[in-house]
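# Results of the structural survey
Each chain, letter by letter, is given below.
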Amino acid sequence: MTTSSRTQSLIATLPGTYYTSPEVFAREQEHIFETSWFCAVRSADLAAPGAFRTVTVGRESVLVARGRDQGVRAFLNVCRHRGARLCTEESGTVRRAFQCPYHAWTYNLQGELIAAPNLTSMADVDRRDYGLGRVQVREWLGYVWVNLAERPGSFEEEVMAAVTARLGDGEAIARYDLAGLETGKRISYDVRANWKLIVENFMECYHCATIHPELTEVLPEFADGFAAQFYVGHGAAFAKEAEGFTVDGSAGLERIPTVAAEQDRRYYAITVRPQVFVNLVPDHVIFHRMYPLAPDRTLVECEWLYLPEVVAQGRDLTRSVELFDRVNRQDFDACERCQPAMSSRGYAGGGVLVPSEHHLAEFHDWVRGRIGE
Amino acid sequence: MIPVCRLADLPRGEAFRLDTKPPVVVFHTEDGEFYAIDDTCTHQDASLAEGWLEGCAVECPLHASKFDLRTGQADVPPARLPVRTHQVVIEGETIHLVLSDAVPNLPFAAGRGPVAGGAT
Ligand code: FES
Ligand code: FES
Ligand SMILES: [Fe+2]
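Fair warning: this is a prediction, and the values are worked out from it, not measured in the lab.

## Here's the deal with the coordination of the iron ion (ligand 3)
All names here are of chain A.
- Taken together, His207 (NE2), His212 (NE2), Asp331 (OD) and Asp331 (OD) make up the protein donors of the iron ion (ligand 3), found 2.1 to 2.5 Å from the metal.
- The site at the iron ion (ligand 3) holds four donor atoms, and with the angles between them running 56 to 141°, its shape is irregular.
- Positions of the donor residues of the iron ion (ligand 3), expressed as sequence spacing, correspond to H-x4-H-x118-D. Taken together, the residues His212 in the loop between helix H4 (208–211) and helix H5 (213–218) and Asp331 in helix H7 (residues 318–338) connect sequence positions 119 residues apart.
- Judged by its relative accessible area of 5%, Asp331 is buried.

This is the structure in structure tokens:
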């Protein structure tokens, strides 16, 4: 089944069941989230050796930890003995090893089985065969990305190329120095909506004039309904009256010094499928990660990243953060308004996309292709 | 006196486990000292060779009791009984051991092979 045209102007969305069916969700977990590069953890949240986080990726719990050699590794969070969940905390620091709370099988930060009761009495057991399941890892933009596939696709082609395709230039993202910025604010949103509603919302701006009054004040061209993501390499210009990207148009913080002149006073937005959205403005970066938990529930973790000195000096970030926090709440409210209707018979055949939303059809085709239709 | 290994085979900070009955472990501390103790923790069957060497003590990898390499005493529970200490003799380039003839404090299941049944 491919996206069919209703008219020249209006083309079909996915049918409602794609947003509610546990069976579709299970296929998405298996064929999208467990086989894509998934942005799991901010690297700085794993600062010291032994620091760990557990994250849900598809149907799996993944343990991400920093080793003594400063390298970051990721493992399936499953004890090789009889399957107990190894780490139940969301985050923490172990002194030197992960120990299963059931029978005390003990794994080092490299995931190797280093000790277990009676292990040395079982001469026929090679402990190297019982290390934790390894998950592929990459660090980029100050984040740890994991991939659960047995043969992961190329990070360069899947993640880096998506960023380049949107910004039109491989160097553009580097000028924001994401790895060198620090988290000034983090907000988690528990959204009662299917993850695809959130992606679709982020990709279009047809709704901007209606639900984002503050954003369209700062970015007047958004009132026309064409999202920055509709174009390649296009940054939406700040309004003449706006001094900065803030809720009231007041001045922002210090500009990231490596940001180029043509990037100044502009807003760029990027989607990296399946779960990352990035917004770039001259003085900060807003980085969203989605964790789909159920067909109708998605956790969105959002960081506002600033220059380290801005965070260290305890500068007032309120007006800066409030702009996109409001945008997020407005967007997620809209998504939550759609979710209950997805199972209505009135939406069984889906809805339509207007021309400024036509690029969403490509996302729908991608989802269909991945889950095998 | 039994030969263990060559000096060059046991760098500082490392352990060498000997498959004697019961097994014995020789540690070369960061300060350059050599010590030998029973390899099996007195609490449960864990190999202290896999533990963490800290100064003159080794911490059991399973439940964190720490044994003094000079005396064999455990610092905190759950291990209560000491491990035996053995004498290390260096001759030329080779490390040797003189095994203690005291009775070892082995945990219940260690070295007894498979036990049928059993309950928590
Ligand atoms: S299940 Fe983990 S040690 Fe038994
Ligand atoms: S096995 Fe050594 S303290 Fe428990
Ligand atoms: Fe929006």
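## Brief notes about a negative patch on the surface
Residue and element names in this part refer to chain B.
- Among the surface-exposed residues, Glu14, Glu30, Asp31 and Glu33 lie close enough to one another that they form a single negatively charged patch.
- If you trace the backbone, Glu33 turns up in the loop between strand E3 (24–28) and strand E4 (34–38).
- Classification of Glu33 by relative accessible area gives partly exposed; the value is 41%.

## Points about the sheet that holds strand E7 (residues 97–99) of chain A
Residues and elements named next belong to chain A.
- The three strands lie next to each other as E7-E8-E9, forming an open sheet whose pairing is antiparallel. Two strands lie at the open edges of the sheet, namely E7 and strand E9 (113–115), each paired on one side alone. Averaged over all neighbouring strand pairs, the angle between strand axes comes to 40°, with direction disregarded.

## Regarding unusual backbone geometry
- The residue after Arg273 of chain A, namely Pro274 of chain A, is reached through a cis peptide bond having omega 5°.
- Structurally, Pro274 of chain A can be placed in the loop between strand E14 (266–272) and strand E15 (276–281).
- For the peptide bond that leads from Pro77 of chain B to Pro78 of chain B, omega is 15°, which places it in the cis range.
- Assignment of secondary structure puts Pro78 of chain B in the loop between strand E7 (66–68) and strand E8 (85–91).
- Not every positive phi belongs to a glycine, and Gln70 of chain A is a case in point at roughly 75°.
- With respect to the element layout, Gln70 of chain A can be found in the loop between strand E4 (60–66) and strand E5 (72–76).

## Some words on the domain arrangement of chain A
Residue and element names in this part refer to chain A.
- Parsing chain A into structural domains produces domain 1 (1–36 + 160–373) and domain 2 (38–152).
- Each of domain 1 and domain 2 has a C-alpha centre, and the two are 31 Å apart.
- For the pair domain 1 and domain 2, the two sides together bury roughly 2,000 Å², of which 58% comes from carbon and sulfur.
- Contact with domain 2 buries area across many residues of domain 1, yet Glu34, Met160 and Tyr291 alone supply 27% of it, more than any other trio.
- Where domain 1 meets domain 2, there are two salt bridges.
- Residue Arg59 is joined to Glu34 by a salt bridge in which the shortest nitrogen-to-oxygen separation is 2.7 Å.

## Examining the interface of chain B and chain A
- At the interface, twelve residues of chain B touch 15 residues of chain A.
- Both sides together, the interface formed by chain B and chain A hides about 1,100 Å², and carbon and sulfur atoms give 46% of it.
- Considering only the surface of chain B that becomes buried against chain A, Asp45, Trp52 and Leu62 of chain B emerge as the three largest contributors, covering 47% of it.
- One salt bridge in this structure joins Glu50 of chain B and Arg127 of chain A, with 2.8 Å as the shortest N-O distance.
- Our count for the chain B to chain A interface comes out at seven residue pairs in polar contact (both at pLDDT 80 or more).

## Overview of the sheet that holds strand E2 (residues 14–18) of chain B
All names here are of chain B.
- If you trace the six strands from one edge of the open sheet to the other, you get E1-E9-E8-E4-E3-E2, paired in antiparallel fashion. In this open sheet, the two strands that pair with only one neighbour each are strand E1 (2–6) and E2. Across the sheet, the mean angle from the axis of one strand to that of its neighbour is 30°, orientation sign disregarded.
- In this structure, E4 lies alongside E8, joined through two bridges in antiparallel fashion. Each residue of the ladder has a partner; that of Ala36, found in E8, is His86.

## Digging into the state of the cysteines
- For the coordinates displayed, the defined rule picks out one disulfide over all chains.
- Disulfide pairing is shown between Cys205 of chain A and Cys208 of chain A; the S-S distance is 1.9 Å. Note on the Cys205 of chain A and Cys208 of chain A pair: the S-S dihedral is about -110°, so by sign convention the disulfide is left-handed. Here Cys205 of chain A and Cys208 of chain A have matching classes, each one buried.
- Cys56 of chain B provides the cysteine sulfur closest to Cys5 of chain B, a residue in no disulfide bond, and the two sulfurs are 18 Å apart.
- Cys5 of chain B gets classed as buried once you look at its relative accessible area, which sits at 9%.
- Residue Cys56 of chain B stays outside any disulfide, its sulfur separated by 18 Å from that of Cys60 of chain B, the closest cysteine.
- What makes Cys56 of chain B partly exposed here is its relative accessible area of 22%.

Thresholds applied
Residues numbered from 1 in each chain as written. Chains lettered and ligands numbered in written order. Predicted model: local features only at pLDDT ≥ 70, side-chain atom pairs only at ≥ 80, totals over all residues. Heavy atoms only, no water. Donors = N, O, S within 2.8 Å, 3.2 Å for Na, K, Ca; no water. Tetrahedral: all angles 85-135°; square planar, octahedral: opposite > 155°, others 65-115°. Helix = DSSP H or I, 4+ residues; strand = E, 2+ residues; numbered from the N terminus. Buried < 20%, exposed > 50% of the residue type's maximum accessible area, 1.4 Å probe, protein only. Patch = residues over 30% accessible without salt bridge, like charges linked within 9 Å, V, L, I, M, F, W, Y side chains within 5 Å. Areas by Shrake-Rupley, 256 points an atom, 1.4 Å probe, with all protein chains shown as cover. Salt bridge = Lys/Arg side-chain N within 4 Å of Asp/Glu carboxyl O. Lys, Arg positive; Asp, Glu negative; His and termini not counted. Charge placed at Lys NZ, Arg CZ, Asp CG, Glu CD. Pairing = 2+ DSSP bridges. Axes fitted to C-alpha atoms, helices over the stretch in contact; angles between N-to-C directions. Domains from an automatic or database assignment. Buried area = accessible area lost by both parts, 1.4 Å probe. Contact = heavy atoms within 4.5 Å. Polar contact = N/O pair within 3.5 Å; in protein donor to acceptor, adjacent residues only side chain to side chain. Disulfide = S-S within 2.5 Å.

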